[in-house]
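Chain residues, written in single-letter form:
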Amino acid sequence: MNQTTTLHIPLSTRAGLEERFAARLASALTEYQASAMPADIDARLRFAHDRAVAAARLAQAQHASTPAVLGSSGGAAVLGVAGGPSDAPWWLRLGSLIPFAVLLGGLLLIDNHYMRTQIDAVVEVDAAILADALPPEAYRDQGFVEYLKSARP
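For clarity, every value in this text was computed on a predicted model and none was experimentally measured.

Each value, and the rule that gives it
Residues numbered from 1 in each chain as written. Predicted model: local features only at pLDDT ≥ 70, side-chain atom pairs only at ≥ 80, totals over all residues. Heavy atoms only, no water. Helix = DSSP H or I, 4+ residues; strand = E, 2+ residues; numbered from the N terminus. Contact = heavy atoms within 4.5 Å. Patch = residues over 30% accessible without salt bridge, like charges linked within 9 Å, V, L, I, M, F, W, Y side chains within 5 Å. Areas by Shrake-Rupley, 256 points an atom, 1.4 Å probe, with all protein chains shown as cover. Salt bridge = Lys/Arg side-chain N within 4 Å of Asp/Glu carboxyl O. Buried < 20%, exposed > 50% of the residue type's maximum accessible area, 1.4 Å probe, protein only.

Asker: Can you help me understand the overall build of the protein chain in this one?
Answerer: Counting its secondary structure elements, the protein chain contains five helices and two strands. Secondary structure elements in the protein chain, listed N-terminal to C-terminal, are α-α-β-β-α-α-α. Taking the contacts inside the protein chain whose residues are at least 6 apart along the sequence as the reference set, 0% of them involve residues at least 24 apart.

Following this line, the structure appears as structure tokens:
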């Protein structure tokens, strides 16, 4: 029975192992190439080498072109450097809170403006009722309210 074991290696260690494996493979291929090699194997190895180099360059370019990543951590959004939130300098982590503070301030200003508008509308209605020649009890009478609704188009 063939039993495989899964090795859980941290990313930094895994990268080091991959680099050592690539270096050993390259040196073995160089030694093998020194001996007589058929043309078709040489062409396939050259093609595989070119693809590997292109893939490595593409991966390096993608890693360099994405300095910030927006991800999810346990239901909460996290903004950080591509290497992880612990790799970010303290000023960048603190700076990521600025949009949240601006949003919170904007919401508080909108709420304040809404409440002030509602208070001003109530004050205007109360002032109109108190300044009117009719007593306030007239507005409580249902017949008078119906008269006001029918009198105005």
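Asker: Sorry if this is basic, but what is going on with the environment of Leu-29 here?
Answerer: Tracing the chain through its elements places Leu-29 in helix α1 (residues 11-34). Linking Leu-29 and Leu-45, residues 16 residues apart in sequence, is a C-alpha distance of 8.9 Å.

Asker: Whenever I open this one, a nonpolar patch on the surface confuses me. Can you help?
Answerer: Together, Trp-90, Trp-91, Leu-92, Leu-94 and Leu-97 give the surface a local cluster of nonpolar side chains, amounting to about 600 Å² of exposed area. Checked against the element boundaries, Leu-92 lands in helix α3 (residues 90-95). A relative accessible area of 36% means that Leu-92 is categorised as partly exposed.

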